[in-house]
Amino acid sequence: MNESMDDGWPGSEGFRDYLARRGVTRRDFLSFCGRMAVLFGAASLPGGGRAFAKDVAERLSGAKRPSVIYLQLQECTGCVESLLRSGSSPVDRLILEQISLDYNELLMAPSGTAAEEVLKEAEGRPHLLLVNGSVPLNDDGVYCTIGGDSALNVLKRAAQKASAVIAVGACAEYGCVQAASPNLTGAVGVSDVITDRPVVNISGCPPIAETITATLTYYLAYGHTPPLDGNGRPLFAYGQRIHDKCPRRASFDAGQFADSFDDENARQGHCLYRLGCKGPATFAPCATVEWNMGQSFPIKAGHPCLGCTERHFYDRMTPFYDRLPGFMVPGLGVEATANTIGIAAVAASVGGVAVHSAATVIAKKRAKKARPETLPLAVLGDTEKREDQDKKT
Amino acid sequence: MSLYDIPESEIRIELEDPVPFSGRKRRELLIAAALGAPFGTDDPVDLALLSAASKKEDLRHYEQLAFTPLEPRLARSVARVRRVDSGEEALIARGEVDSILYLCHPDEATRYRAEMQAEMRMTHGFRALGVGRGSVAPDGSEHWEFQGYIPVRATRRKSRRIEEPAEFRYVSVWDWQLRVLHWFSVFLILVLSATGLLMGSGRLVYSGAEGFTNYLSWLRLVHFVAGWLLLCAAILRIAGLFLASNQFQRWYALFPVRVRDLKNLVQVALNYLFCRFDRPPHYIGHNPLQQVAYTAIFGVGLLALFTGFALYALYDPGNIVFRYFVMFDDLVGVQYVRLAHQFVMWIFLAFIPIHVYLSVRADTVEREGALSSIVSGGRWCRKGTHFEDA
């Protein structure tokens, strides 16, 4: 791919000099750094966002061009599409374009043996490894092969000399839709295969382009990966809950909810919680960064959040358009909600109490009326034997 | 008596009015029947007859010379008695009316009447004890006279509460701390359920929200505060399991510990299911079934707290404590934690009617004072009652 980018960023040149050569003004560069600082949530850091932005600018200016392998395994290419169509700023684009993207199935010109050779060469050098897509493990990984080799082997080889591994998208994080029950291909995420070092998970189906560039920026500037949360996601992006920064949060607090997609409340832009919005349980910067240069994001556009940045969202966040999972009632084959079952349980309990108290009254009355058990009389010649006969008859 | 394998106190002998024949009086018939009993008898019917007859006549005036026990074939026993002062001797035969009639050869009318009555009137388990009196002529011939019969019934009857000694002692069961915790938790659970339902139900919410209000925020605030308070109550209750001096509140009162209690658990359950009607074993604190049920409810309450705080934790996943709850959320899936949380509420709501009903029943039907003791802290126990956990 180096050949195709004749005006590339040579390995020896600093990023700043390269930008200057490409005609990006220092003002644009600093504004990009400022945006990144905001994205990193630096405003809350000591010294504020301004100091952080300066820091990023200084560090990024001296960054050297990294070699990048961007693998696409078992996936839909949606993540790369999201990245390419994000409408990013010139610097974003340059970061993405001008990293030495040595290998990427979608974007590279070579194919066949030539592509394989490029990959082999790049694997031998220290590089940054980006991965899209899950790794199918069932049946020796036959469900995803690249160049005749399984995705598992491709990933393992590419990871050997990687200085950092970044899993982009939900597939690479844990398997996403492929890994949803029953997971026929045995799809797992990158971190299940690469266990000897931390994997950065840029979660989402797909992730916001800016979180990808921001993570790369952080890596370029600091030479190491950003702080991560419990699921290996960069905290700067995934440390915030959509619900807490949602533009419809006021409606939620006021108890104004849309009950169907075309009702009056939905038109007024009320909260989509009852339509199955998973924002309260989803950690992502959608509500702050938004998509496509801050144009919009699902909730803003009137669609409930599906919770795609959370693990196993296809299994656990469903049904997407209901607040709670339904229940298969055994024998009836009906999907019942927790409330239906609960009301039935309370009704059964009250009914049981009524029946039991009626039975108590009846039992008491019968006990009062009941003839006591008659005993044999010795004076009339009764014996145990006779008693036994009585019992039999 | 080998005839009865039940405690003597449960045998009840009832004598109805004697039915004299041959112009005799009831008194005479009764005395004759009593005299027909073997000397030193311990048969309950004999004892009852002796007791009844001794009110009419001093039986010490008589002595028993001989006694021929009842033969199965003849179905009558014969006693030979003598009046001490007069020296008058008599034979007294007792047995089935048929058998005595056969012995006495009364006229047809008497025989018919006696047989009819003995057959027709002996209902409700009463049976006729026939009595014949015989005199021995100097030549050795016996002359028998049918004196009548006495309806007798032997029944097994458990004593009724009203017949038990009406002496009571006051036993304190629950100390005030536990009662406060109980009613405080009741209040909190009702508040939590109400706010939870309101938050979960659109219809109820709309009625209250016109324009912008902080309706749901207030609901959430109340819900969260009540949740924290319920956590405090749970911590105090758990501490009390190990710190309370009251034996009915300590940890070993949570479940049946002895084999005996396990057997009682089955009996109490059968009683509740109307499979047994005798009185269940008495407990001052909780009976084994209550122990199991209430411990299960404790478990459900802890599940409510755990799932509740696992959802609450999402507001600050980096928190030093909440991060572990968030890990739990990731493990199970937030939606299923929410589902469990809602189910737990319904379990509580279904439990309340049963719990209240059984408490009221324990007070009114079983007289075990469960409802009064959770209010006043104590209950009245009948003196002499054996309590399994006293």
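In the block above lies the structure referred to throughout.
This section reports on the structure supplied with the text. Computed from a predicted structure; not experimentally measured. (Residues numbered from 1 in each chain as written. Chains lettered and ligands numbered in written order. Predicted model: local features only at pLDDT ≥ 70, side-chain atom pairs only at ≥ 80, totals over all residues. Heavy atoms only, no water.)

### Regarding empty space enclosed by the protein
Any empty space left between atoms is shown by rolling a water-sized probe over those atoms. Residue and element names in this part refer to chain A. Scanning the model with the defined rule gives two cavities of 30 Å³ or more in all. Volume-wise, the largest cavity comes out at about 80 Å³. As for the largest cavity, its lining consists of 13 residues, of which His243, Cys246, Cys271, Cys277 and Pro280 are closest to the centre. Of the residues belonging to the lining of the largest cavity, the class tally is nine nonpolar, two polar and two charged. (1 Å grid on protein atoms, 1.4 Å probe; cavity = no way out; pocket = protein on both sides within 12 Å on 5 of 7 lines; lining within 4 Å. Points joined across faces, edges and corners; volume = space filled by probe spheres on them. Nonpolar A, V, L, I, M, F, W, Y, C, P; charged D, E, K, R; others polar.)

### Observations regarding unusual backbone geometry
Residues and elements named next belong to chain A. Here the bond from Ser181 into Pro182 is cis, since omega is 10 degrees, no more than 30 degrees from zero. Examined against the element boundaries, Pro182 turns out to sit in the loop between helix 9 (176–179) and strand 8 (187–188). In the segment running from Thr318 into Pro319, the intervening peptide bond is cis, with an omega of -5 degrees. Along the chain, the position of Pro319 falls in the loop between helix 17 (313–316) and strand 10 (327–329). (Helix = DSSP H or I, 4+ residues; strand = E, 2+ residues; numbered from the N terminus.)

### Observations regarding the environment of Gln295(A)
Residues and elements named next belong to chain A. By secondary structure assignment, the location of Gln295 is in the loop between helix 15 (286–289) and helix 16 (298–301). A residue is classified by how much of its surface remains accessible, and Gln295, at 58% relative accessible area, is exposed. Apart from the residues lying within four places of it in its own chain, the contact partners of Gln295 are Glu290 and Lys300. (Buried < 20%, exposed > 50% of the residue type's maximum accessible area, 1.4 Å probe, protein only. Contact = heavy atoms within 4.5 Å.)

### Some thoughts on helix 11 (residues 209–222) of chain A
Residues and elements named next belong to chain A. Here helix 11 spans 20 Å end to end across 14 residues, near enough to the 20 Å set by a 1.5 Å rise per residue. Counting buried positions along helix 11 gives 14 out of 14 residues, so the element sits mostly inside the fold. Looking one or two residues beyond helix 11, the residue adopting positive phi is Gly223, at roughly 80 degrees. (Expected span 1.5 Å × (residues − 1).)

### Describing the packing of helix 8 (residues 259–272) of chain B against helix 9 (residues 288–312) of chain B
Residues and elements named next belong to chain B. Running from N to C, helix 8 and helix 9 point in directions that differ by 90 degrees, and their axes come no closer than 7 Å. In terms of orientation, helix 8 and helix 9 fall into the roughly perpendicular class. For the pair helix 8 and helix 9, the contacting residues are Asp261, Asn264, Leu265, Val268, Ala269 and Tyr272 in the first and Pro288, Leu289 and Val292 in the second. Split by residue class, the contact of helix 8 with helix 9 holds seven nonpolar, one polar and one charged. (Axes fitted to C-alpha atoms, helices over the stretch in contact; angles between N-to-C directions. Parallel < 35°, antiparallel > 145°, perpendicular 65-115°, else oblique.)

### Some remarks on the sheet that holds strand 1 (residues 67–72) of chain A
All names here are of chain A. Reading across the sheet, the five strands line up as 2-1-3-7-9 and stay open at both edges, with parallel pairing between neighbours. Since the sheet does not close on itself, it has two edges, and those belong to strand 2 (100–104) and strand 9 (199–202), each with one partner. Shown here is a sheet whose adjacent strand axes are inclined to one another by a mean of 20 degrees, direction ignored. Examined bridge by bridge, strand 3 (residues 127–132) and strand 7 (residues 162–168) share six bridges and lie parallel to one another. Residue pairing for strand 7: Leu128 is matched across the bridge by Ala164. Packed onto the sheet, helix 7 (residues 151–159) meets strand 1, strand 3 and strand 7 and runs at close to 155 degrees relative to strand 3. Along the sheet, helix 11 makes contact with strand 3, strand 7 and strand 9, crossing strand 7 at roughly 165 degrees. (Pairing = 2+ DSSP bridges.)

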